[in-house]
Amino acid sequence: MTVNQWDATQYNERFSFIWQYGSGLLELLEPQPGERILDLGCGTGHLTARIAESGAEVIGMDHSAEMIQTAQQTYPEIEFHQSDATSFSFNEPFDAVFSNAVLHWVRPPERAIERIRDALKPGGRFVAELGGRGNVEGVVSALVAELERHGVPDARDRNPWYFPSIGEYAALLEHHGLEPSLARLYERLTLLQGGEDGLTGWLEMFGDPFFSGVDAATRQTVIAAMSDRLRPTMYRDGSWYADYRRLQVVARRGGKPSR
Ligand code: BEZ
């Protein structure tokens, strides 16, 4: 299952970088007119709409009902579905499954890969980007250290994210019938919008699982202390920058190519 329920307004406004960075991944997808494409974890649908501009027939899918509602209101001409990445299925297979910045939330990853494989036509392609090994490691280390220092139990085990290495993810894809043709791990220092409040805003949006059962005062103290730790390396000219590392993959389902 996917872990969180995001706020669609915040996602559109303060976290627009998530889908704006996805433009590079669209170049890898190369959607063609008439192709049937699934956008898995479509959020508020902005990249789904970009795929539709190519003339492909695209369906957006997301775990969050709020995201799907916002996507459907914004792009009424596109078909959107609320579904979970580990259990979805469609009647008609796809030429491609596209997924940007979502699969690191999905556990177990094998279950999502199996669903993706089964959703593809023979020869169909899977084009995805997710957090890779070492993603936001500086942020997570500081957060876990401060949670531990403030007596929060099992701080390390609260980490909800799956950030695989190239080798690990490629092996998983192969094992489940998807043959990787490209895998790339790259650093992407990422501006957290909101100036001085950028890190706190990011934690409010994404970091909830770390703070489960933690009272508001301790939460505030932990965030202040981790900010102090990170300021020398991650705060510059009035803005916070997180140490993102991205994994991009392209893989095909075995069988005759669909194009
Ligand atoms: C990511 O896109 O890499 C990411 C987003 C939120 C939390 C952790 C990682």
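Residues numbered from 1 in each chain as written. Predicted model: local features only at pLDDT ≥ 70, side-chain atom pairs only at ≥ 80, totals over all residues. Heavy atoms only, no water.

Give me the lowdown on the overall build of the protein chain, citing residues and values where you can.
Each helix and strand in the protein chain was counted, giving 10 helices and eight strands. Along the first, second and third principal axes, the C-alpha set of the protein chain runs to 55 × 40 × 35 Å. Taken over 259 residues, the protein chain has a buried fraction of 53%. When contacts within the protein chain are restricted to residue pairs at least 6 apart in sequence, those whose partners lie at least 24 apart make up 76%. Of the accessible surface of the protein chain, which amounts to about 11500 Å², a share of 47% is contributed by carbon and sulfur atoms. (Helix = DSSP H or I, 4+ residues; strand = E, 2+ residues; numbered from the N terminus. Buried < 20%, exposed > 50% of the residue type's maximum accessible area, 1.4 Å probe, protein only. Contact = heavy atoms within 4.5 Å. Areas by Shrake-Rupley, 256 points an atom, 1.4 Å probe, with all protein chains shown as cover.)

Give a description of the pattern of salt bridges that names residues and reports values.
Pairing is possible between side chains that carry opposite charge, provided their charged atoms lie close to one another. Tallying each qualifying case throughout the model produces 14 salt bridges. Salt-bridge contacts for R36 lead to E57; the nearest nitrogen and oxygen are separated by 3.2 Å. With R36 in strand β1 (residues 36-40) and E57 in strand β2 (residues 57-62), this pair connects stretches of sequence that are 21 residues apart. R36 gets classed as buried once you look at its relative accessible area, which sits at 12%. As a salt-bridge pair, D118 and R117 come within 2.9 Å of each other at their nearest N and O atoms. Residue class for D118 comes out partly exposed when judged on its relative accessible area of 36%. (Salt bridge = Lys/Arg side-chain N within 4 Å of Asp/Glu carboxyl O.)

Report on the packing of aromatic side chains, specifying residues and quantitative values.
For the structure on display, the rule yields 12 aromatic pairs. Between W105 and F206, the aromatic rings sit 6.3 Å apart at their centres with planes inclined by 40°, giving tilted as the arrangement. Placement of the pair is W105 in the loop between β4 (94-100) and α6 (109-119) and F206 in helix α9 (residues 198-206), with a sequence separation of 101 residues. Three or more aromatic residues link up through ring pairs in this structure, and these residues are W105, W161, F163, W202, F206 and F210. Above the plane of the ring of F94 lies R36, whose end atom (NZ or CZ) is 4.3 Å from the centre. Between R236 and the ring centre of Y241, over which it is positioned, the NZ or CZ distance is 4.7 Å. (Phe/Tyr/Trp six-rings, centres within 6.5 Å; stacked < 30°, edge-to-face > 60°. Lys NZ or Arg CZ within 6 Å of the ring centre and 35° of its normal.)

Pulling in residues and values, what's your account of the site of the ligand?
Lining the immediate surroundings of the ligand are H104, W105, N135, W161, F163, W202, F206, Y244 and R246. One of the side-chain nitrogen or oxygen atoms of H104 is found 3.4 Å away from an oxygen atom of the ligand. Measuring from an oxygen atom of the ligand, one finds a side-chain N or O atom of R246 at 2.4 Å. Here the ligand loses 96% of its free accessible area of 260 Å² to cover by the protein chains. Elements supplying a minimum of two residues to the shell around the ligand: α9 and β8 (239-253). Considering only residue class, the shell around the ligand consists of six nonpolar, two polar and one charged. (Near = heavy atom within 4 Å. Polar contact = N/O pair within 3.5 Å; in protein donor to acceptor, adjacent residues only side chain to side chain. Nonpolar A, V, L, I, M, F, W, Y, C, P; charged D, E, K, R; others polar.)

Outline the pairing of strand β5 (residues 120-131), supporting the account with residue identities and numerical values.
In the case of a regular strand, side chains alternate between the two sheet surfaces. The element β5 is largely enclosed, with a buried count of 10 among its 12 residues. Where β4 lies against β5, six bridges are found, and the strand directions are parallel. What sits directly across from V97, in β5, is F126. Traced from β4 through α6 to β5, the parallel crossover comes out right-handed. Here β5 runs beside β8; their pairing, made up of seven bridges, is antiparallel. Its bridge partner being in β8, E129 is matched across the sheet by Q248. (Pairing = 2+ DSSP bridges. Right-handed = clockwise from strand over helix to strand, strands pointing away.)

Break down the environment of I37 for me, with residues and values.
Within the secondary structure, I37 is located in strand β1. I37 sits in the buried class, given a relative accessible area of 0%. Each C-alpha atom, one on I37 and one on Q10, is 27 Å from the other, the two residues being 27 residues apart in sequence. Sequence-distant contacts of I37, defined by excluding residues within four places in its chain, comprise L29, P31, I51, A56, E57, V58, I59, F94, A96 and F98.

Let's hear about helix α5 (residues 65-74): which residues, and what values?
Every buried residue of α5 is listed here: M67, I68, T70 and A71. For α5, the arc enclosing every buried residue in end-on projection is 165°, short of the 170-degree limit, so these residues lie on one face. Along its buried surface, α5 packs onto α1 (8-13), β2 and β3 (79-82). The N-cap of α5, judged by a side-chain oxygen 3.3 Å from the amide nitrogen of E66 a few residues on, is S64. (Arc of directions from axis to C-beta.)

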